[in-house]
Amino acid sequence: MLFRSPKEKEEDIEGWWLLDTWLQAEIVRRAPEFLPPEADCLDPNLGPDYFVHPWENVSKTYALEDPLTTLVLNEVLDAALESEGLTEVSRQRHQTLRTLYRMSQRGVHVLGKKMRCEAYRYRKLAEHQHQEVCSIAAENGMEDFNPNSDPQTRTLLFEKWQLPVLSRTDPSTRFPKGQPQLTAATLESLAQLLDDERHPLLPPGKSTTPSCFIHSQLGRGRNEKAADTLTSYLNWSVPYTKPLPGLYLHPKFNTTGTRFTRQSCNDPNLMNVGTGRDVYNDNGDKTGELEFLLRNCFGPPPGKEWLSIDFQSIEFLIWGFSCGSQVIREVYYAGLPLFKPFMEAIHGYFNKDTKEYKRTKNGIYAKLYGASGVKADNTFGKAGATKAIEEQIPEVRSFTKRLHALLLSQGYITTLGGYRLYVESNEPHKVVSAFVQGHAGWVIGEAMVACEDYLQDFPDIHIILQIHDELIFEGPVGFHQQHAIPLGKIMTAAGEKYEIPTPVNRSLITENWGSAKVLLHEGCTS
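In this report, the structure presented in the accompanying data block is examined. As the structure is a prediction and not an experimental result, all values here were calculated from the model. (Residues numbered from 1 in each chain as written. Predicted model: local features only at pLDDT ≥ 70, side-chain atom pairs only at ≥ 80, totals over all residues. Heavy atoms only, no water.)

### Some remarks on the pairing of strand 12 (residues 470-476)
Alright, step 1. Most of strand 12 sits out of view: six of its seven residues are buried.
Alright, step 2. As paired elements, strand 8 (residues 304-311) and strand 12 share seven bridges and run antiparallel to each other. Within strand 12, the position partnered with Ile-309 by the bridge is Leu-471.
Alright, step 3. In the sheet, strand 11 (residues 462-467) pairs with strand 12 via five bridges, with the strands oriented antiparallel. Bridged to His-462 within strand 12 is Glu-474. (Buried < 20%, exposed > 50% of the residue type's maximum accessible area, 1.4 Å probe, protein only. Helix = DSSP H or I, 4+ residues; strand = E, 2+ residues; numbered from the N terminus. Pairing = 2+ DSSP bridges.)

Next up, the structure:
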């Protein structure tokens, strides 16, 4: 027998209750009529006798593309959840499906001409930076340098220039084993060190050449990715003349969400549509520019406007209020910058207009997402930063210990609504990330459901996107005047009922998403 029920698997598989993992078993057991014929499950690359279980085809085809089957599969999941007593999870999933399906059918309007121009521009920028990288390498004795070659990049950075190695690949699971890491985050941290000649990890004497090389290499990668993303979005766009003219994307929203309850979509993945990042010069000062801002290529069609409502620092607030720190609560309610006490703990002073404040903020989020103390200190830009924070705000460390204890005792942690989040026993550092991501995903799900209920009386207003901590609403020009405040209050209430402040920003989008105009700012300062 290929599959057994969750209860039958309890003895030999950790986390049998991980609902999105054993849903396939429930389909096999309760709805076999939705499996494809056995002939569709043969892998031609492995020979006629090699059988691939049909769930692969179900998940890739039916569950994402056919709405009727998706509804049936969701009913099966509901039944499985109910059998485990997770009624709140079942309720939210069932109600969220309604919104996800409507979002997919409605589609998102894209600015086709702008998107094509941006794709061309980023491709040219990447080509220019490619030439810069190769030129610097040639000047340092490496002719025919390939910017995509990790071994050549390591030779230049760590052998010829003898730069410090900030982190290495895992010697037990990664290949090549134990080599200096070249991830974007690691290179960015190395560039920060190079831009600060006082840093103790640097060899004597400061050279701008390695810094220029790393910045060009990072820029090349970002610009190539931007051009590729824009091109793929154009390929997914569908032109319409009625009822509203223009190009539209119709992403497929995955009804079971991600492992930590966040929503996800594909064809295309609109979760890549970030807010852009500030560009800093060699002195660490903002230049006033933003890196790749894909949102400039999205905007409302003629006669419509968009309203963006975005949770502010929701993950930080969930973490800060859950750990029980009175200092964090006082900073929030006083309207002060949220990362003030952390910068004071690390540096002994506070100034928001400094590189150190930006590094402090990035370091805190690195810790939230599971970075070790050493990696977090690299992001903070100061050795011992993590220890200094734990000494000044001891609730931070004790909260992490409590989560670890829960994980060890029961094998999972739970969200606000009762959804069980499984974390590998050998990856306890991810438990804080699971906690904040899972809670945030639950709050956003509750907000979507409540907003959709509100909009039932206004059929010309729709939720068209949910991305990270933000909901985008589309309606007739001027609709924000009546609905911006009540929709924001509905979203805020979704978190506050769990005694966690979840303030929101409301922004109006009339031309493109990237030039949204803030209507009303509430709550915290990050």
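### Describing helix 11 (residues 326-333)
Alright, step 1. Among all positions of helix 11, only Ile-328, Val-331 and Tyr-332 are buried. Along the axis of helix 11, the buried positions cluster into a sector of 100°, meaning they face one direction only.
Alright, step 2. Where helix 11 is buried, its residues meet helix 10 (314-322) and helix 12 (340-347).
Alright, step 3. Sitting at the head of helix 11, Ser-325 places a side-chain oxygen 3.3 Å from the backbone nitrogen of Val-327. (Arc of directions from axis to C-beta. Contact = heavy atoms within 4.5 Å. Polar contact = N/O pair within 3.5 Å; in protein donor to acceptor, adjacent residues only side chain to side chain.)

### Describing the packing of aromatic side chains
Alright, step 1. Per the counting criterion, the structure on display carries 19 aromatic pairs.
Alright, step 2. Ring geometry for Phe-350 versus Tyr-357: centroids 5.7 Å apart, planes at 75°, classification edge-to-face.
Alright, step 3. Look at Phe-350 and you get partly exposed, because its relative accessible area is 28%.
Alright, step 4. Of the aromatic side chains, those joined through ring pairs into one cluster are Phe-316, Trp-319, Phe-339, Phe-342, Phe-350, Tyr-357, Tyr-365 and Tyr-369.
Alright, step 5. Above the face of the Tyr-122 ring, Arg-121 is positioned so that its terminal group lies 4.6 Å from the ring centre. (Phe/Tyr/Trp six-rings, centres within 6.5 Å; stacked < 30°, edge-to-face > 60°. Lys NZ or Arg CZ within 6 Å of the ring centre and 35° of its normal.)

### Remarks on helix 17 (residues 431-454)
Alright, step 1. Along its 24 residues, helix 17 runs 35 Å from first to last C-alpha, staying within 8% of the 34 Å computed at 1.5 Å per residue.
Alright, step 2. Buried residues dominate helix 17, accounting for 21 of its 24 residues. (Expected span 1.5 Å × (residues − 1).)

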